[in-house]
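Okay, here's what each chain looks like letter by letter:
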Amino acid sequence: MTVERIEATAMDVAMLASLVDDDAPEAPKPTANRRGRPPRLDRSGETPEERTARKTEHQRQRRAGIAARSAELGSVLRDADTTRQALADAAMLLLQRGGPVADEIERMLGEVFRYEVGAPMSIRAECVNRSLKPRYLSYPEMTREERVRRLKLAML
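Rules behind the numbers
- Residues numbered from 1 in each chain as written.
- Predicted model: local features only at pLDDT ≥ 70, side-chain atom pairs only at ≥ 80, totals over all residues.
- Heavy atoms only, no water.
- Helix = DSSP H or I, 4+ residues; strand = E, 2+ residues; numbered from the N terminus.
- Buried < 20%, exposed > 50% of the residue type's maximum accessible area, 1.4 Å probe, protein only.
- Contact = heavy atoms within 4.5 Å.
- Axes fitted to C-alpha atoms, helices over the stretch in contact; angles between N-to-C directions.
- Parallel < 35°, antiparallel > 145°, perpendicular 65-115°, else oblique.
- Nonpolar A, V, L, I, M, F, W, Y, C, P; charged D, E, K, R; others polar.
- Core = buried A, V, L, I, M, F, W, Y, C linked by side-chain atoms within 4.5 Å.
- Patch = residues over 30% accessible without salt bridge, like charges linked within 9 Å, V, L, I, M, F, W, Y side chains within 5 Å.
- Areas by Shrake-Rupley, 256 points an atom, 1.4 Å probe, with all protein chains shown as cover.
- Salt bridge = Lys/Arg side-chain N within 4 Å of Asp/Glu carboxyl O.
- Lys, Arg positive; Asp, Glu negative; His and termini not counted.
- Charge placed at Lys NZ, Arg CZ, Asp CG, Glu CD.
- pLDDT = per-residue confidence, 0-100.
- Left-handed = near helix turned anticlockwise from the far one by under 90°.

### Topic: the overall build of the chain
Step number 1: Looking only at helices and strands, one finds six helices and zero strands in the chain.
Step number 2: Counting from the amino terminus, helix and strand elements in the chain follow one another as α-α-α-α-α-α.
Step number 3: Taken over 156 residues, the chain has a buried fraction of 15%.
Step number 4: Restricting to contacts in the chain with at least 6 residues of sequence separation, those with at least 24 account for 39%.

### Focus on the packing of helix 3 (residues 80-97) against helix 5 (residues 119-128)
Step number 1: Running from amino to carboxyl end, helix 3 crosses helix 5 at an angle of 85 degrees, the nearest separation of the two axes being 8 Å. Judged on the interaxial angle alone, helix 5 and helix 3 are roughly perpendicular. Seen from helix 3, the contacting residues are Met 92, Leu 95 and Gln 96; seen from helix 5, they are Ile 123, Arg 124, Cys 127 and Val 128.
Step number 2: Across the contact of helix 3 with helix 5, the residue classes tally to five nonpolar, one polar and one charged.

### Remarks on the nonpolar core
Step number 1: One finds Met 92, Leu 93, Leu 95, Ala 102, Ile 105, Leu 109, Ile 123, Cys 127 and Tyr 139 forming the largest nonpolar core, which totals nine residues.
Step number 2: Only helix 3, helix 4 (100-112) and helix 5 provide two or more residues apiece to this core.
Step number 3: Setting aside its immediate chain neighbours within four residues, Met 92 contacts Gln 85, Cys 127, Leu 132, Lys 133, Pro 134 and Tyr 139.

### Here's the deal with the side chain of Glu 106
Step number 1: With respect to the element layout, Glu 106 can be found in helix 4.
Step number 2: Non-local contacts of Glu 106, meaning those with residues more than four positions away in its chain, are made with Leu 95, Pro 120, Met 121 and Arg 124.

### Looking at a positive patch on the surface
Step number 1: Among the surface-exposed residues, Arg 37, Arg 40, Arg 43, Arg 51 and Lys 55 lie close enough to one another that they form a single positively charged patch.
Step number 2: Mapped onto the elements of the fold, Arg 37 is located in the loop between helix 1 (10-20) and helix 2 (48-73).
Step number 3: Assessed through its relative accessible area of 67%, Arg 37 is described here as exposed.

### Digging into the side chain of Gln 96
Step number 1: Tracing the chain through its elements places Gln 96 in helix 3.
Step number 2: Among the residues examined, Gln 96 registers a relative accessible area of 10% and is labelled buried.
Step number 3: In contact with Gln 96, other than residues within four places in its own chain, are Cys 127, Val 128, Arg 130, Tyr 139, Pro 140 and Glu 146.

### Overview of the confidence of the model for the chain
Do not read the fine detail of predicted coordinates wherever pLDDT is low.
Step number 1: Per-residue pLDDT for the chain averages 84, and the proportion of residues at 70 or more is 87%.
Step number 2: Within the chain, the element-level pLDDT minimum falls on helix 1, averaging 72, and the maximum on helix 4, averaging 94.

### Quick notes on the packing of helix 3 against helix 4
Step number 1: Packing of helix 3 against helix 4 brings their axes to within 8 Å, and their N-to-C directions diverge by 120 degrees. In this view, helix 3 runs oblique relative to helix 4, as classed from their interaxial angle. Here helix 3 runs over helix 4; the crossing is left-handed. Contacts between helix 3 and helix 4 involve Ala 91, Leu 94 and Leu 95 on the former and, on the latter, Val 101, Ala 102, Ile 105, Glu 106 and Leu 109.
Step number 2: Split by residue class, the contact of helix 3 with helix 4 holds seven nonpolar, no polar and one charged.

### Points about a nonpolar patch on the surface
Step number 1: Taken together, the side chains of Val 76, Tyr 136 and Leu 137 make up a nonpolar region of the molecular surface, amounting to roughly 240 Å² of accessible area.
Step number 2: Tracing the sequence through the fold places Val 76 in the loop between helix 2 and helix 3.

In structure tokens, the structure reads:
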């Protein structure tokens, strides 16, 4: 006759002991020593208004924390919105400069605004005139020729 060896954890032994003897120590909770997310609060009695208020406050604190970290670093924290805006700013600067890259960006804008024929040209003109303002970057300083041209246009 062979006897199989069974390995048991401390929790298994404690559970078996509690079944056999009522005076046995209670089994340790498996999450007692774990770090990480705290157990969720019971919010089953929460009204929709309370839930909205709680979530609004949480989002306000989150945005304040992001703003504080950005100010502390002196830079913008990268997320989907800031990445999109930074790419848009870069495209504005490239459109303002002109050249083959600007032509390619204008062609892509034509694909986006397929049913608005003049939109890509208007966007490019707004970038050249600097009326479309980038959020994070800035246009380069105007050359003397650009300033003279703008003054002439303003005098018409």
